[in-house]
Amino acid sequence: MQLTVVGVGYVGLVTATCFAESGNDVTCIDIDAGKIDGLRRGVLPIYEPGLEELVERNLREGRLQFTTDMGHALAQGKLVFIAVGTPQDYNGAANLNALWGVAQSIRELAGESKIVIVKSTVPVGTNRELAMRLNDGAHIQHHAVSNPEFLKEGHAIEDFMKPDRVVVGVHDAALGQVLHDLYAPFLRSDHPFLVMTPESAEMTKYVANAMLATKISFINEMANLCEAVGADIGDVRRGIGHDSRIGFQFLFPGAGYGGSCFPKDVRAMVHTAEGVGYTLRILPAVDEINENQKKVLFFKVTELLGTDLYGKTIALWGLAFKPGTDDIREAPSLILIRSLLGAGAHVRVHDPAAIPNVKAVFGDRITYCDRVYHTLQGCDALVIATEWAEFRNPDFDTMRQVLRQPFIVDGRNLYNPSEMSRLGFVYSSIGRQTVMPAAVHSQERRAA
Amino acid sequence: MKIAIIGTGYVGLVTATCLAESGNSVVGIDKDASKIALLESGKLPIYEPGLAELVERNRRDERLKFSTDLGACAGVQLIFIAVGTPESASGASDLSSIWAVVDALAAVVAPPQIVVIKSTVPVGTNRIAGERLSQRLGRPIDVASNPEFLKEGAAVDDFTKPDRVVVGVRRPEVGEVLRELYAPFLRTEHPFLVMTPESAEMTKYAANAMLAAKISFINEMANLSERLGADINDVRRGIGHDERIGFQFLFPGAGYGGSCFPKDVRALLAMGRSVDLPLRMMEAVDSVNEAQKRVLFSKIRKHYGTGLSGKTIAVWGLAFKPRTDDVREAPALMLLDALLKEGVGLRVHDPEAMGHVKAIYGDRLIYCERPYQALEGADGLAIVTEWQEFRRPDFGMMRQLLRHPVIFDGRNLYEPKTMDAAGFTYYGIGRHGR
Ligand SMILES: NC(=O)c1ccc[n+]([C@@H]2O[C@H](COP(=O)([O-])OP(=O)(O)OC[C@H]3O[C@@H](n4cnc5c(N)ncnc54)[C@H](O)[C@@H]3O)[C@@H](O)[C@H]2O)c1
Ligand SMILES: NC(=O)c1ccc[n+]([C@@H]2O[C@H](COP(=O)([O-])OP(=O)(O)OC[C@H]3O[C@@H](n4cnc5c(N)ncnc54)[C@H](O)[C@@H]3O)[C@@H](O)[C@H]2O)c1
């Protein structure tokens, strides 16, 4: 099939590349000429494992094209995927300006009837309005279809090619069939293709993210209570997870969720509900808990080092909002860096992928380190904000030697507290009691 | 092993019986003499599938005895406390039964006997119980935490095939004694988890809190779907295949009830208050649920408008969930109260819970032995509990018996399209913009 994909961000580029990989001819259009320029030369604007290779191959084999010319892009195929950003507006609502801009272009430039498929996350009712904007009083009639995307950054290719499920919102079963054919190469018997109304499809995307965000804020709330009453969230997790109605997944206490989806989607839902006179209670709580949780790292640093951080140096491992991505939108690390700088501390940071993006925000106000242990040099404490695999089994002896003080604030509970105590660290984590270096160790050190 | 269980309610009786079934000698002790008398006459004070048979067999084989006398603890190795810990006026757990038992035990127990608290108790209770008992005895005695996760309606199964057993101990030896006791019930994938009493106590609350949170979450999403013209059932299909989400425990409905979720959520809130930690999520879960219990009534009032008074409504399902006779905090009670207040006549049916409901409402309701009988001459049907027998009824018969074919389904048992075709006005939760 011939497809047009509008917007080559995370979602658009992955969608376009995977559909090209399954044999379709895909033309991508973006208003960002720099991005398109790079892509034509095989340079990716984002980091996503495995994507570069796929883009290169499909570019070479001519199934993938990039352009900034909307008219040209629309001349290529019957199916038009819209994957432009729908960021949070000042009032929490989803900003649909980019989407409406694209709708206007299609209306003006498309020479034939199109199937316009909205991949962006949009509030319930957007497809209905899109159909009106495309068609009211127009000569050519287009179809609007909802097809929310569930990929996760860092696993985007896997998720797209082996989706848990594909959700499609249509009023006309024939349109559902067109999409079914397109997705067929990616479907397995236990990975269903679900057809519903556009309203339910739009809602599905928000509810999925809302549930995931709710699980995170839930476990963070429980973790904070554990700390306060002397229980251990790690044990509590073990205790509840074997109940299959609860499970272990997505119940990791931490420094709060970030990224370009959960925060904005939760807020967009709150806003949508207000619009129909319904007051949500769970989701505002989810958002509020998360905003507070993002401050936990800084708070824990002051617990260990005192509130006067002026002139102190803090190492930070992990900047991306989660491992496997360079995305730092709404990342807890940013909140921490701002607070530390505000308190007059120096900050040395390391991240396997996100340093360029962080540099764009903080410039030379912080020190960027390419190597993990180098980050720790002369630091009064280390904070871990993202659970990259390479932080899981570090060389603790080296760490203790390089750090000026053996203080660790672990926002992702990567290590075992009693083990850390034995190794001679002051170790503070989430929902567990802070441990001090074991007596044996300090004796050994004194002897040495 | 020789074991005493204090408190023979749902948890105590099931614990006693299942431990007897695995070969232990068990005495169940309760201060409620009528309960003990009933049990001694071979009857059960509660309904629980499969339990009666087990009680009878173990009584016959003399592995299970009952008593009102705490003195029966003499000579046993383990003493389980399974008394009630209901909600107090402040929302915190009322621990008076626990303390009454702990204080009375001081006169009858001695180390190396081990006291095990099975009741759901706030974090710190085991520590205080241990200190209090040791102080009165003048020497230390082990007090362990062993929260119970059984579900009413599936209690015997849950106890004998637990997802996991959680124990909170200060000494590993105590954990070993309990591991031996539970060994017959453990499978490799069903672990025995040893932790501190504080973490064990917290585990019980966190488990119920997560389940309650899932229910309130999906109810909130259902209410929003309804207003936005989406269908929560499709949304459920759409999210459930994500294994981080799943399908379990995400059923929209008329709110959770029962003797555990409401009180445990409020006990958590009280715990949070005691350490100055407002628990925003739990507050929201509780308030969403309180509102959800009124949803069926709102739909009914909206449908009949000012003509509601004098109407007759049939109600199917009174227990807080199927397969139990428990009506504590059941959404059905809230609905009954609200409808009675509006002057509505009520014809009710429940396979197990009518006895308990009769004890509360007396002759203010008409109790119907069979589901269809409840529909006779009614102006509408409200379904509050998803008993299996309500899932595939004879719609033709229902339409004939009802004076007006209107159904308010608090459990989304039917497909709106089918009901439309069958000639019903059908209200579900989170569906069809109704
Ligand atoms: N990132 C994720 O993990 C993820 C997952 C699922 C769904 N989504 C949703 O997908 C949508 C896109 O997200 P993203 O992360 O890919 O965003 P992004 O910001 O990475 O990409 C959006 C792209 O659209 C382009 N664009 C904006 N206006 C345009 C216009 N008028 N014409 C052509 N191009 C235009 C931008 O230049 C940019 O390249 C959002 O609605 C998001 O909520 C994102
Ligand atoms: N019911 C459940 O599904 C369930 C599941 C898990 C945990 N729990 C917890 O287990 C505990 C018991 O719950 P339940 O539902 O079995 O309660 P219940 O009310 O059914 O039974 C409590 C029993 O304790 C007896 N009792 C009270 N004070 C006593 C005393 N001083 N001496 C002797 N007996 C006394 C009562 O007479 C009653 O028979 C609670 O803490 C509850 O939260 C209940």
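Everything numeric here is computed off the predicted structure, so don't read it as measured data.

Undergrad: Would you mind showing me how to read the overall build of chain A here?
TA: Assigned secondary structure in chain A consists of 18 helices and 14 strands. Against the globule reference of 22 Å for 448 residues, chain A gives a C-alpha radius of gyration of 24 Å, in line with a compact fold. Relative to its 448 residues, chain A shows a buried fraction of 51%. Summarising the internal contacts of chain A: among those between residues at least 6 apart in sequence, 71% fall at separations of at least 24.

Undergrad: When you look at the overall build of chain B in this model, what are you seeing that I'm missing?
TA: Counting secondary structure elements, chain B contains 17 helices and 14 strands. Taken over the C-alpha trace, chain B has a radius of gyration of 23 Å; the compact-globule value for 434 residues is 22 Å, and the two agree within 12%. Principal axes of the C-alpha set define a box for chain B whose edges measure 70 × 45 × 40 Å. Of all 434 residues assigned to chain B, the portion counted as buried reaches 53%. In chain B, once contacts between residues fewer than 6 apart in sequence are set aside, the share between residues at least 24 apart is 71%.

Undergrad: Where do I start with the pairing of strand S13 (residues 407-410) of chain A in this structure?
TA: The side chains of a regular strand alternate between both faces of the sheet. Residues and elements named next belong to chain A. Neither face of S13 is exposed, since Phe407 and Val409 on one face and Ile408 and Asp410 on the opposite face are all buried. Here three bridges tie strand S12 (residues 381-384) to S13, and the two strands are oriented parallel to one another. The partner of Leu382 across the bridge, within S13, is Ile408. As a crossover connection, the stretch from S12 through helix H16 (residues 396-402) into S13 is right-handed. Bridge analysis of S13 against strand S14 (residues 426-428) gives three bridges, and the strand direction is parallel. If you follow Val409 over to S14, its bridge partner there is Ser428.

Undergrad: What am I meant to see in the domain arrangement of chain B here?
TA: Residue and element names in this part refer to chain B. Assigned domains of chain B: these are domain 1 (2-194) and domain 2 (196-434). One C-alpha centre belongs to domain 1, the other to domain 2, and the line joining them spans 32 Å. Contact residues are listed per partner, giving 29 residues for domain 1 and 24 residues for domain 2. For the side of domain 1 that touches domain 2, the secondary structure elements donating two or more residues are helix H5 (125-137), strand S6 (142-145) and strand S7 (165-168).

Undergrad: I tried to follow unusual backbone geometry on my own but got confused; where do I start?
TA: Peptide bonds are, in most cases, trans, and in most cases residues other than glycine have a negative phi. A cis amide bond links Pro111 of chain B to the next residue, Pro112 of chain B, at an omega of 10°. Mapped onto the fold, Pro112 of chain B is located in the loop between helix H4 (96-105) and strand S5 (114-117). Even without a glycine there, the phi angle at Phe250 of chain A is positive, about 60°.

Undergrad: It is not clear to me how the interface of chain B and chain A should be interpreted in this structure. Could you clarify?
TA: A common way to state how big an interface is: give the accessible area lost once the parts meet. Residue-level contacts link 58 residues of chain B with 55 residues of chain A. Elements that contribute at least two residues to the side of chain B that touches chain A include exactly strand S8 (192-195), helix H8 (197-228), helix H9 (232-240), helix H10 (261-274) and helix H11 (280-292) of chain B. At 20 residues, the largest contribution of residues to the side of chain B that touches chain A is made by H8 of chain B.

Undergrad: Would you take a moment to explain the confidence of the model for chain B for this structure?
TA: Taken as a whole, chain B shows an average pLDDT of 96; of its residues, 100% reach a score of 70 or greater. Scoring of the predicted complex yields 0.96 for pTM and 0.95 for ipTM.

Undergrad: Explain the sheet that holds strand S10 (residues 345-349) of chain B here, please?
TA: Through backbone hydrogen bonds, the strands of a sheet pair up, either in parallel or in antiparallel fashion. Residue and element names in this part refer to chain B. Taken in spatial order, the six strands make up an open sheet running S11-S10-S9-S12-S13-S14, and their pairing is parallel. Both edges of this open sheet fall to strand S11 (366-367) and strand S14 (425-427), since each of them pairs with a single strand only. With two bridges connecting them, S10 and S11 associate as parallel partners. Its bridge partner lying in S11, Arg347 is registered against Ile366.

Undergrad: Before we go on, may I ask you to explain the sheet that holds S12 of chain A in this structure?
TA: Residues and elements named next belong to chain A. The strand order S11-S10-S9-S12-S13-S14 describes an open sheet built from six strands, whose pairing is parallel. For this open sheet the edge positions go to strand S11 (367-368) and S14, each flanked by a neighbour on one side alone. Here strand S9 (residues 313-317) runs beside S12; their pairing, made up of four bridges, is parallel. Considered in S12, the bridge of Trp317 is made with Ile384. Against the sheet, helix H13 (residues 296-305) contacts S9, S12, S13 and S14, and its axis sits at roughly 160° relative to S13. In the packing of helix H14 (residues 332-342) onto the sheet, contacts are made with S9, strand S10 (346-350) and S12, and the angle to S9 comes to roughly 175°.

Undergrad: What am I meant to see in the domain arrangement of chain A here?
TA: Residue and element names in this part refer to chain A. Segmentation of chain A into domains returns domain 1 (2-196), domain 2 (205-292) and domain 3 (294-447). Centre-to-centre, using C-alpha coordinates, domain 1 lies 39 Å away from domain 3. Residue composition of the side of domain 1 that touches domain 3, grouped by class: three nonpolar, two polar and one charged.

Undergrad: Can you walk me through H13 of chain A in this structure?
TA: Residues spaced three or four apart along an α-helix point in a common direction, a consequence of the helix completing one turn every 3.6 residues. Residues and elements named next belong to chain A. Every buried residue belonging to H13 is among Val296, Leu297, Phe298, Lys300 and Val301, and all of these are buried. Tucked into the core, H13 has its buried residues touching helix H12 (282-293), S9, H14, S12, S13 and S14. Directly after H13, the chain includes Gly306, whose backbone phi takes a positive value near 90°.

Undergrad: What is the right way to read the site of ligand 1 from this model?
TA: All names here are of chain A. Neighbouring ligand 1 are 26 residues, the closest being Gly7, Gly9, Ala98, Ser120 and Thr121. Mapped onto the shell around ligand 1, the elements with two or more residues apiece are helix H1 (10-21) and helix H5 (97-109). Here the residues of the shell around ligand 1 sort into 12 nonpolar, nine polar and five charged.

Undergrad: Please clarify how the site of ligand 2 should be interpreted in this entry.
TA: Residue and element names in this part refer to chain B. As a matter of local geometry, ligand 2 sits amid 26 residues, with Gly7, Gly9, Val11, Ser119 and Thr120 nearest to it. Breaking the shell around ligand 2 down by element, the ones donating at least two residues are helix H1 (10-21) and H4. In the shell around ligand 2, the residues fall into 10 nonpolar, 10 polar and six charged.

Reading the values: rules and limits
- Residues numbered from 1 in each chain as written.
- Chains lettered and ligands numbered in written order.
- Predicted model: local features only at pLDDT ≥ 70, side-chain atom pairs only at ≥ 80, totals over all residues.
- Helix = DSSP H or I, 4+ residues; strand = E, 2+ residues; numbered from the N terminus.
- Rg over C-alpha atoms; globule rule 2.2 N^0.38 Å.
- Buried ≥ 20, exposed ≤ 12 C-beta atoms within 10 Å, placed from the backbone.
- Contact = placed C-beta atoms within 7 Å.
- Pairing = 2+ DSSP bridges.
- Right-handed = clockwise from strand over helix to strand, strands pointing away.
- Domains from an automatic or database assignment.
- pLDDT = per-residue confidence, 0-100.
- Axes fitted to C-alpha atoms, helices over the stretch in contact; angles between N-to-C directions.
- Nonpolar A, V, L, I, M, F, W, Y, C, P; charged D, E, K, R; others polar.
- Near = placed C-beta within 6 Å.

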